[in-house]
Amino acid sequence: MDEVLMDEEDDCPELVPIAAKPLPAGTQIPVTIITGYLGAGKTTLLNYILTEQHNKRIAVILNEFGEGSALEKSLAVSQAGELYEEWLELRNGCLCCSVKDNGLIAIENLMQKKGKFDYILLETTGLADPGAVASMFWVDSELGSDIYLDGIVTVIDAKFGMQHLMEEKPKGLINEAARQIALADLAIINKTDLVSCEELIHLTDAVRSINGLVKVLETQKSRVDLSEVLDLHSFDHKDGVNLSEKLQLVKTTRPHLDKSILTVTFEVAGSLSEDVLNVFIQDLLWEKAFKDKAGLPMDVIRLKGIVSIAGQPQQVMLQGVHELYELNEMPQMWGEEPRVNRLVFIGRNLDKEVLLEQFITAVLKVGECT
Ligand SMILES: Nc1nc2c(ncn2[C@@H]2O[C@H](COP(=O)(O)OP(=O)(O)OP(=O)(O)O)[C@@H](O)[C@H]2O)c(=O)[nH]1
Ligand SMILES: [Zn+2]
């Protein structure tokens, strides 16, 4: 009989001891955040990954609030307000636990079991802002040295996804479903059995209009090739593809839904000083100093780019999630060809002309300060 792990109808998987094997010093464990609206198919995806052959020892953190999950009832108990979680060790070498917070405490506790797993999957709750979880890995230096964020996977309900995206939010708040798509490195449109081709195309267009960087896959029962989900290296440069080339393929999108999130991208030749670049990014992300033509402040949710710092032989990668950003030197050197800055912004009220003008101004300043 095929073993089905973590089936909600089943009893707990059988527990077996797992031998810890020491990881080489400095090994960082990848974390993939699995997000998506309520009921889209996140847990189905986790179950699928766990039961597929992957030759990895995966630790899964389920972040469940819903009633009725047998798994949750058997695993997570909140005692006197204190989080208590128990790690189930599954027969294929995977670990699993269910928690009621944003999962970070669970990861910290999990790290005490270092050597027992080599991949972490974290399911957020349906209404979560995956950006908040993602950025924790950058701020929490203790976590940051043990693990790295590999990617954000957003599962979308083919049947109700469009409806979720259209929901009006009070006082200009961001629609959660749209935010989850804006932050995704991979978007999985699941439950395609429930919709027509036309509905699917419509939803795919809406997803792409929000996030011009995202890879989109269609699934039933979240069955997806694992190589598409794991080891994406979305926040570093180890994915083997030249990020600069990848960014060239991104197009500025048109708003598909009213007042929606969209993608803006551009290229500007030249170099700029790191200080001036920091001012540009901080004005944009922190000060909200840039406004669109209607006077609304630009709100960047995801930022990615390759920039050229004057005097620096290496290409520099820019990564941003909400207010947090990072600049990292890449192994790639600038060659003979002219240096080009390539940036991709995903967010609300973005105006390409304004952003471009501000960036060009920043590039022009390099002459003044060197
Ligand atoms: N028809 C259909 N149903 C699906 C598919 N994938 C998942 N489901 C069902 O959709 C329901 C929700 O799936 P889950 O995986 O629990 O979704 P989730 O995103 O984890 O849900 P929450 O954690 O409650 O937000 C379950 O009853 C699944 O069996 C699919 O491709 N087609
Ligand atoms: Zn779930």
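So, here is what we can say about the structure in this document. Everything numeric in this text was worked out from a predicted model, so none of it was measured.

This part is about the coordination of the zinc ion (ligand 2). Looking at the zinc ion (ligand 2), one finds its protein donor set to be Thr 43 (OG1) and Glu 123 (OE), positioned 1.9 to 2.2 Å from the metal centre. Each of the 4 donor atoms around the zinc ion (ligand 2) contributes to a set of angles spanning 88 to 169°, which defines the coordination as irregular. Linking Thr 43 in helix α1 (residues 42–51) with Glu 123 in strand β7 (residues 119–123), this pair joins segments that are 80 residues apart in sequence. Like Thr 43, the residue Glu 123 is buried in the burial classification.

Helix length check: helix α10 (residues 274–285), at 12 residues, gives a terminal C-alpha distance of 16 Å against a target of 16 Å (1.5 Å per residue), a fit within 8%. Every buried residue of α10 is listed here: Val 276, Leu 277, Asn 278, Phe 280, Ile 281, Leu 284 and Leu 285.

Ranked by internal contacts, the top residues of the largest apolar core, which has 54 residues, are Ile 107, Ile 120 and Val 207. Sort the elements by how many residues they give to this core and helix α8 (residues 197–210) lands first, with 5 residues. With 28 residues, the next largest nonpolar core counts Leu 318, Leu 343, Leu 350 and Phe 359 among its residues.

Here we take up the pattern of salt bridges. Counting across every chain of the model gives 13 salt bridges. Across the salt bridge formed by Asp 351 and Lys 293, the nearest N and O atoms sit 2.8 Å from each other. Taken as a pair, Asp 351 in the loop between β15 (340–348) and α11 (352–364) and Lys 293 in the loop between α10 and β12 (299–307) lie far apart in primary sequence, 58 residues in all. Judged by its relative accessible area of 59%, Lys 293 falls in the exposed class. Note that Arg 348 and Asp 299 form a salt bridge whose closest N and O atoms lie 3.4 Å from each other. Of this pair, Arg 348 sits in strand β15 while Asp 299 sits in strand β12, and the two are 49 residues apart along the sequence. Arg 348 gets classed as buried once you look at its relative accessible area, which sits at 19%. Overlapping salt bridges, with partners in common, bring together Glu 167, Lys 169 and Glu 176 in one network.

This part covers the packing of aromatic side chains. With the rule as written, the count across this model stands at 5 aromatic pairs. Their ring planes at 50° and their centres at 5.7 Å tell us that Phe 266 and Phe 359 sit as a pair that is tilted. Residue Phe 266 is located in strand β11 (residues 262–269), and its partner Phe 359 is located in helix α11; the two are separated by 93 residues in the primary sequence. Judged by relative accessible area, Phe 266 falls into the buried class, the value being 6%. What makes Phe 359 buried here is its relative accessible area of 0%. For the ring pair Trp 286 and Tyr 325, a centre distance of 6.1 Å and an interplane angle of 50° mean the geometry is tilted. A residue pair is termed long-range when its members are at least 10 positions apart, and Trp 286 in the loop between α10 and β12 and Tyr 325 in strand β14 (residues 324–333) qualify at 39 residues. The exposure class assigned to Tyr 325 is buried, which follows from its relative accessible area of 17%.

Rules and cut-offs
- Residues numbered from 1 in each chain as written.
- Chains lettered and ligands numbered in written order.
- Predicted model: local features only at pLDDT ≥ 70, side-chain atom pairs only at ≥ 80, totals over all residues.
- Heavy atoms only, no water.
- Donors = N, O, S within 2.8 Å, 3.2 Å for Na, K, Ca; no water.
- Tetrahedral: all angles 85-135°; square planar, octahedral: opposite > 155°, others 65-115°.
- Helix = DSSP H or I, 4+ residues; strand = E, 2+ residues; numbered from the N terminus.
- Buried < 20%, exposed > 50% of the residue type's maximum accessible area, 1.4 Å probe, protein only.
- Expected span 1.5 Å × (residues − 1).
- Core = buried A, V, L, I, M, F, W, Y, C linked by side-chain atoms within 4.5 Å.
- Salt bridge = Lys/Arg side-chain N within 4 Å of Asp/Glu carboxyl O.
- Phe/Tyr/Trp six-rings, centres within 6.5 Å; stacked < 30°, edge-to-face > 60°.

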